[in-house]
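Below are the chains, spelled out letter by letter.
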Amino acid sequence: MPKGMVVIDKDRCKGCGLCVETCPFGVLVISPEFNRYGYNVATMGAPEKCTGCGMCAQMCPDAALDVYRAVKEGV
Amino acid sequence: MSVVETKVPAGFVPVYTRPKSLSDKRFTYCPGCHHGIITRLVAEAIDELGIQERTVGVAPVGCAVFLYEFFRCDFAQAAHGRACAVATGIKRANPDLIVFTYQGDGDLAAIGTAETIHAANRGENITVIFVNNQIYGMTGGEMAPTTLPGMRTVTTPEGRDVRTTGYPLRISEMLAQLDGPTYITRQAVFDVRHVQMARKAILKAFRNQLEGKGFSLVEVVAACPTNLRIPPAEGNRWVKEQALKYFPLGDLKVRD
């Protein structure tokens, strides 16, 4: 199970790619999929690598990303 | 209109969620615009201080003109450049309110220079967020007072010539000379570390107002990738390598 997860609001994303640039683990990619406004949206290309650090959300200019971290077992 | 996802997935805890002070409206900024990051940081500061119900923003003219639609708090729309004057009136009439202005360089540093300087000199107890992207973004990329020497814009196609158009205006340095202001700082948002620093500066600017300390201005050096005609990621590098040469970061005035 991945340590983190990014929930992307596809209608808000404008595909600027700042999250892709910022992610230290190469989790996010710009997908060929379009949203309703015609932007190629960001998506999790390698979800298993996500640690839930939240750096992508810190850089997102459209507040389109919500980041979650897995609850550690036994806590 | 998209609905904000608030359901936390099973087995996960939130690390970062969209600030509650932001409305559901999509930002009207261009893709990769630093305005979006700065708007979000202001919303985070309002959330963190729990002042949403008594905050009044003053929206500028420029790229952030629709700011009143993005926040879940009261707003006034000022005439071009007059946000500091409007904020002064609101704050003096009702000192319990938390009043902030959010202005670009075409608004605060060009047409509104006088209002800004005098509000700072009077030490009005307001918070000013100044987004310096060195260009007139909304009108199509004309030269601003803060445009760097040699920088190509629509109105300076050969690059800004300092012999005819002067030098970039360093508003923060100017205001730091005055006795009125409490806190003048310059920040940037081109990487995560600087976003965190800008966040702290904006929080401090709001805290100063809560504590009645007086005029606080946070200048944020930003990129306008659309009018620079470069991809957003290069906009970040452009701020780091070009803009910061003329606009060095750091606290210019801190009075406790």
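It should be noted that the structure appears before, not after, this text.
Summarised in this report is the structure supplied together with it. Please read these numbers as outputs of a predicted model, since none were measured by experiment. Sequence order sets the numbering: in each chain, residues are counted from 1 along the sequence as written. For this description, chains carry letters from A and ligands carry numbers from 1, given in the order in which they are written. Two thresholds apply to this predicted model, a pLDDT of at least 70 for residue-level local features and 80 or more for giving and counting side-chain atom pairs, whereas whole-chain, interface and lining totals are computed over all residues.

### Re the overall build of chain A
Where helices and strands are cited, they refer to DSSP runs of H or I of at least four residues and of E of at least two residues respectively, numbered from the N terminus. A count of helical and extended segments in chain A gives two helices and four strands. Counting helices and strands in the order they occur from the N terminus, chain A gives β-α-β-β-α-β. Expressed as lengths along the three principal axes of its C-alpha atoms, the size of chain A is roughly 45 × 20 × 20 Å. Burial in this document is a count-based property: other C-beta atoms within 10 Å of a residue's C-beta are tallied, and the residue is buried at 20 or more, exposed at 12 or fewer, or partly exposed in between, with C-beta positions derived from the backbone. For chain A, with 75 residues in total, the buried portion stands at 51%. Of the contacts made within chain A by residues no fewer than 6 positions apart, 61% connect residues no fewer than 24 positions apart. Residues are treated as contacting if the C-beta atoms built from their backbones sit within 7 Å of each other.

### Examining the sheet that holds strand β1 (residues 12–16) of chain B
Strand pairing is defined by DSSP finding a minimum of two bridges between the two strands. The three strands lie next to each other as β1(A)-β4(A)-β1(B), forming an open sheet whose pairing is antiparallel. If you trace the sheet from one side to the other, it starts and ends with β1 (4–8) of chain A together with β1 of chain B, each paired once. The sheet shows a mean angle of 30° between the axes of neighbouring strands, direction not considered. Two elements, strand β4 (residues 65–70) of chain A and β1 of chain B, share four bridges in a ladder whose sense is antiparallel. If you follow Val67 of chain A over to β1 of chain B, its bridge partner there is Tyr16 of chain B. Axes here refer to lines fitted to C-alpha atoms; in helices the fit is confined to the stretch in contact. Angles between the N-to-C directions go from 0 to 180 degrees.

### Details of the nonpolar core
Core analysis: the largest hydrophobic core is formed by 96 residues, its most contacted members being Cys19 and Cys56 of chain A together with Ile129, Ile202 and Val220 of chain B. Setting aside anything within four residues of it in sequence, one finds Cys56 of chain A in contact with Val6, Cys19, Thr22, Cys23, Leu28, Leu65 and Val67 of chain A. In these notes, a nonpolar core means any group of buried Ala, Val, Leu, Ile, Met, Phe, Trp, Tyr and Cys residues linked to one another through C-beta atoms within 7 Å.

### Points about the packing of helix α1 (residues 34–49) of chain B against helix α8 (residues 192–210) of chain B
All names here are of chain B. Running from N to C, α1 and α8 cross one another at 50°; their axes reach a closest spacing of 9 Å. Regarding the angle of α1 to α8, the classification is oblique. Where α1 crosses over α8, the two elements pack in a sense that is right-handed. Between α1 and α8, the contacting residues are Ile37, Leu41, Val42, Glu44, Ala45, Glu48 and Leu49 on the first element and Val195, Ala198, Arg199, Ile202, Leu203, Phe206 and Leu210 on the second. The class makeup of the residues in the contact of α1 with α8 is 11 nonpolar, no polar and three charged. Under this scheme an angle from 65 to 115 degrees is roughly perpendicular, one under 35 degrees roughly parallel, and one over 145 degrees roughly antiparallel; angles in between are oblique. For a crossing to be left-handed, the near helix must be turned anticlockwise from the far one by less than a right angle; the clockwise case is right-handed. Note on residue classes: Ala, Val, Leu, Ile, Met, Phe, Trp, Tyr, Cys and Pro are nonpolar, Asp, Glu, Lys and Arg are charged, and everything else, Gly too, is polar.

### Re the sheet that holds strand β6 (residues 183–188) of chain B
All names here are of chain B. One open sheet holds the seven strands; their spatial order is β3-β2-β4-β5-β7-β6-β8, and the pairing between them is mixed. Whereas interior strands pair on both sides, the edge strands pair on one side only; in this sheet they are β3 (74–77) and β8 (250–254). Along the sheet, successive strands turn relative to each other by an average axial angle of 15°, direction set aside. Where strand β2 (residues 55–59) lies against β3, four bridges are found, and the strand directions are parallel.

### A closer look at the interface of chain B and chain A
Counting residues at the interface gives 28 residues for chain B, matched by 28 residues for chain A. When contributions to the side of chain B that touches chain A are tallied by element, the ones reaching two or more residues are β1, α1, α8 and α10 (232–246) of chain B. Element by element, the count of residues in the side of chain B that touches chain A is highest for β1 of chain B, at five residues. Residues belonging to the side of chain B that touches chain A are distributed by class as follows: 18 nonpolar, six polar and four charged.

### Brief notes about the pairing of strand β4 (residues 98–104) of chain B
Residue and element names in this part refer to chain B. Of all seven residues making up β4, seven are buried, and the element is well covered by its neighbours. Burial along β4 is two-sided: Ile98, Phe100, Tyr102 and Gly104 and Val99, Thr101 and Gln103, pointing in opposite directions, are all buried. Here four bridges tie β2 to β4, and the two strands are oriented parallel to one another. What sits directly across from Gly57, in β4, is Phe100. Sheet topology places β4 next to strand β5 (residues 127–132); five bridges connect them, and they run parallel. Across the sheet, Thr101 pairs through a bridge with Val128, a residue of β5.

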